[in-house]
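Descriptive structure summary
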Amino acid sequence: MKKTIIIIEGEPDIRDYLTAVLEDKGYTICTVRENKNVIDAVRSHNPDLIILDIMMPQRSGISIYKELRTTHDISSIPIAMLSVISQKSDLMRDTFHAYL
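1. Some details on the environment of Asp40
Note on placement: Asp40 falls in helix H2 (residues 38-45). There is a polar contact of 3.0 Å between the side chain of Asp40 and the side chain of Asn37.

Right under this line is the structure:
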């Protein structure tokens, strides 16, 4: 049985790239835009993994992460955080200061 991955990514080119690469590897891919109801999408697709962009235009990936982790029935699904930040930004410094 194929494993399912949900991609929550605000940039269409990156979303399409990840979808193509992972489908080539045999995964079933579902994509969700950050302005949709993420919790409902995760519940309906029951993924094995969530790939979540940190910085999106309409909603912070960090707020989505917190929502996913505090929703009891889906809180154990692994989440891989993704970012295409080319430089240390204020968000990276302020949010992940201890790890930089």
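2. Observations concerning the confidence of the model for the protein chain
For the protein chain, per-residue confidence averages 85 on the pLDDT scale, and residues scoring 70 or more make up 83% of the total. Within the protein chain, no element has a lower average pLDDT than helix H4 (residues 90-95), which sits at 57, and none a higher one than strand E1 (residues 4-8), at 97.

3. Observations concerning the side chain of Thr19
For Thr19, the location among the structural elements is in helix H1 (residues 12-24). In this structure, Thr19 is in contact with Ile7, Ile29 and Thr31, ignoring residues within four places of it in sequence.

4. What to know about the side chain of Asp53
Within the secondary structure, Asp53 sits in strand E3 (residues 49-53). Buried charge without a partner: Asp53 forms no salt bridge, and the closest opposite charge is Arg15, 8.1 Å away. A distance of 3.3 Å separates the side chain of Asp53 from the backbone nitrogen of Met55, its partner in a polar contact. Apart from residues no more than four positions distant in its own chain, Asp53 is found in contact with Ile8, Glu9, Gly10, Gly61, Leu82 and Ser83.

5. Concerning the pairing of E1
Burial analysis of E1 places 5 of its 5 residues in the buried class, which makes it a mostly covered element. Alternating positions in E1 separate into two faces, Thr4, Ile6 and Ile8 on one and Ile5 and Ile7 on the other, with burial throughout. Across 5 bridges, E1 lies against strand E2 (residues 28-32) in parallel orientation. Of the residues in E2, the one forming a bridge with Ile5 is Ile29. Crossover E1 to E2 through H1 is right-handed. Sheet topology places E1 next to E3; 4 bridges connect them, and they run parallel. Following the sheet pairing, Ile7 is matched in E3 by Ile51.

6. Examining the packing of H2 against helix H3 (residues 61-69)
Two elements in contact, H2 and H3, have axes whose closest approach is 10 Å; the angle formed by their N-to-C orientations is 50°. On the basis of the axis angle, H2 is oblique to H3. H3 is crossed by H2, and the crossing has right-handed handedness. Of H3, the residues touching H2 (which contributes Val38, Ile39 and Val42) are Ile64, Glu67 and Leu68. For the contact of H2 with H3, the residue count by class is 5 nonpolar, no polar and 1 charged.

Cut-offs used in this document
- Residues numbered from 1 in each chain as written.
- Predicted model: local features only at pLDDT ≥ 70, side-chain atom pairs only at ≥ 80, totals over all residues.
- Heavy atoms only, no water.
- Helix = DSSP H or I, 4+ residues; strand = E, 2+ residues; numbered from the N terminus.
- Polar contact = N/O pair within 3.5 Å; in protein donor to acceptor, adjacent residues only side chain to side chain.
- pLDDT = per-residue confidence, 0-100.
- Contact = heavy atoms within 4.5 Å.
- Buried < 20%, exposed > 50% of the residue type's maximum accessible area, 1.4 Å probe, protein only.
- Lys, Arg positive; Asp, Glu negative; His and termini not counted.
- Salt bridge = Lys/Arg side-chain N within 4 Å of Asp/Glu carboxyl O.
- Pairing = 2+ DSSP bridges.
- Right-handed = clockwise from strand over helix to strand, strands pointing away.
- Axes fitted to C-alpha atoms, helices over the stretch in contact; angles between N-to-C directions.
- Parallel < 35°, antiparallel > 145°, perpendicular 65-115°, else oblique.
- Left-handed = near helix turned anticlockwise from the far one by under 90°.
- Nonpolar A, V, L, I, M, F, W, Y, C, P; charged D, E, K, R; others polar.

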